[in-house]
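Below are the chains, spelled out letter by letter.
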Amino acid sequence: MIALAAAATAAMTPALAQETTPATSTMTTGDFSLGSPDAKVKLVEYASFTCPHCANFHATTFKDLKKDYIDTGKVHFTLREVYFDRYGLWAALIARCGGEMKYFGIHDMLFDQQQEWAASEDPMQAVEKLKTIGRAAGLEDAAMDACLNDTANAEALIKQFQTNFEADGVQGTPTLFINGTKHGNMAYADLKALIDAELAE
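Along every chain, residues carry numbers that run from 1 in the direction the sequence is written. Given that the model is predicted, a residue must reach a pLDDT of at least 70 before its local features are reported, and side-chain atom pairs must reach 80 or more before they are shown or counted; all residues, however, enter totals for whole chains, interfaces and linings. In computing side-chain values, all of the structure's heavy atoms are included and hydrogens and water are not.

A. Inspection of the nonpolar core at higher detail. Put simply, a nonpolar core is a bunch of buried Ala, Val, Leu, Ile, Met, Phe, Trp, Tyr and Cys residues held in one set by side-chain atoms that sit within 4.5 Å of each other. Note on exposure labels: buried denotes an accessible area under 20% of the residue type's maximum, exposed denotes more than 50%, and partly exposed covers the range between, all computed with a 1.4 Å probe on protein chains only. Membership of the largest hydrophobic core comes to 59 residues, with the highest contact counts inside it found for Leu-43, Phe-49, Leu-65, Ile-106, Leu-110 and Leu-191. Helix and strand labels come from DSSP, where a helix needs a run of H or I of at least four residues and a strand needs a run of E of at least two; each type is numbered from the N terminus. When residues of this core are assigned to their parent elements, the largest contribution, nine residues, is made by helix H3 (residues 86-97). We call two residues in contact whenever any of their non-hydrogen atoms come within 4.5 Å of each other. When near neighbours in sequence (up to four residues on either side) are disregarded, Leu-65 contacts Leu-43, Ile-70, Phe-77, Tyr-188, Leu-191 and Ile-195.

B. Examining the packing of aromatic side chains more closely. By convention, a stacked pair of Phe, Tyr or Trp rings (six-membered ring in the case of Trp) has centres within 6.5 Å and planes under 30 degrees apart, an edge-to-face pair has planes over 60 apart, and any other such pair is tilted. Under the definition given, this model contains eleven aromatic pairs. When the ring of Phe-84 is compared with that of Phe-165, the centres are 6.2 Å apart and the planes differ by 90 degrees; the resulting orientation is edge-to-face. With Phe-84 in the loop between strand S3 (75-81) and H3 and Phe-165 in helix H8 (residues 151-167), this pair connects stretches of sequence that are 81 residues apart. Its relative accessible area of 25% is what places Phe-84 among the partly exposed residues. A relative accessible area of 5% means that Phe-165 is categorised as buried. Pairing Tyr-103 with Phe-104 gives two aromatic rings, centres 5.0 Å apart and planes at 90 degrees, and the pair type is edge-to-face. Accessibility assignment for this pair places Tyr-103 and Phe-104 in one class, buried.

C. Quick peek at the pairing of S3. The buried fraction of S3 amounts to six of the seven residues, a majority that puts the element mostly inside the structure. Pairing between two strands requires that DSSP report at least two bridges joining them. Pairing geometry for strand S1 (residues 32-34) and S3, over three bridges, is antiparallel. Its bridge partner being in S3, Ser-33 is matched across the sheet by Thr-78. Judged from the seven bridges that link them, strand S2 (residues 41-47) and S3 form a sheet pairing that is parallel. Looking at the pairing, Val-41 lines up with Val-75 of S3.

D. Molecular detail of the state of the cysteines. Cysteine sulfur atoms that come within 2.5 Å of each other are treated as a disulfide pair. Scanning the entire structure with this criterion turns up one disulfide. A sulfur-sulfur separation of 2.2 Å characterises the disulfide bridge that pairs Cys-97 with Cys-147. The chirality of the disulfide connecting Cys-97 with Cys-147 is right-handed, given an S-S dihedral of about 80 degrees. With Cys-97 in helix H3 and Cys-147 in helix H7 (residues 141-148), the pair connects residues that are 50 residues apart, well separated along the chain. For Cys-97, a relative accessible area of 15% gives the class buried.

E. Molecular detail of helix H2 (residues 52-70). The end-to-end C-alpha distance of H2 is 23 Å, clearly below the 27 Å that 19 residues give at a rise of 1.5 Å each. One fitted axis covers the seven residues ending at a residue, a second covers the seven starting there, and the bend at that residue is the angle between these axes. A maximum bend of about 45 degrees is found in H2 at Thr-61. Of the positions making up H2, those classed as buried are Cys-54, Ala-55, Phe-57, His-58, Thr-61, Phe-62, Leu-65, Tyr-69 and Ile-70. Each residue after the first adds 1.5 Å to the expected span of a helix.

Given below as structure tokens:
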């Protein structure tokens, strides 16, 4: 896994070497969260933007989770990105390029349109499709080029991912932690039952 992640970083810069924009991105490492930090239930999802199961979780479970629990202050949700491949890393860099205000909006588009960009065999086509998503979220090309070329930040993100992934014993995605207890992928009804049980305590 570590070798694969390192290869993802190494592959990122050459794919974008023709860009002339200076790498002056302002991205930061760290996780992004939704909901009240004071919520009784803390839910952490490990997810890869290129993972089909994660896209399905987003389409079938996350929207209801957000409406019923996150937006109502009952659940504090944190996404921890997983980088299994360079496309997933690039997608994360685009999502992060918009900062905290735009992150989850881009996150939604990345999962909703996953089949359109993640299936591309041409890395430059994948990059262009990712930038199209970024443009739809209001990002400028120069800013996205800087974010995609920010190798130091990409390396820091991969190190953070490896540390969290190994410390939490995660083996696949999506993996959920509900108040610290690890769970695999599940239907919304099952997730709802677990959350309700935590809220009832």
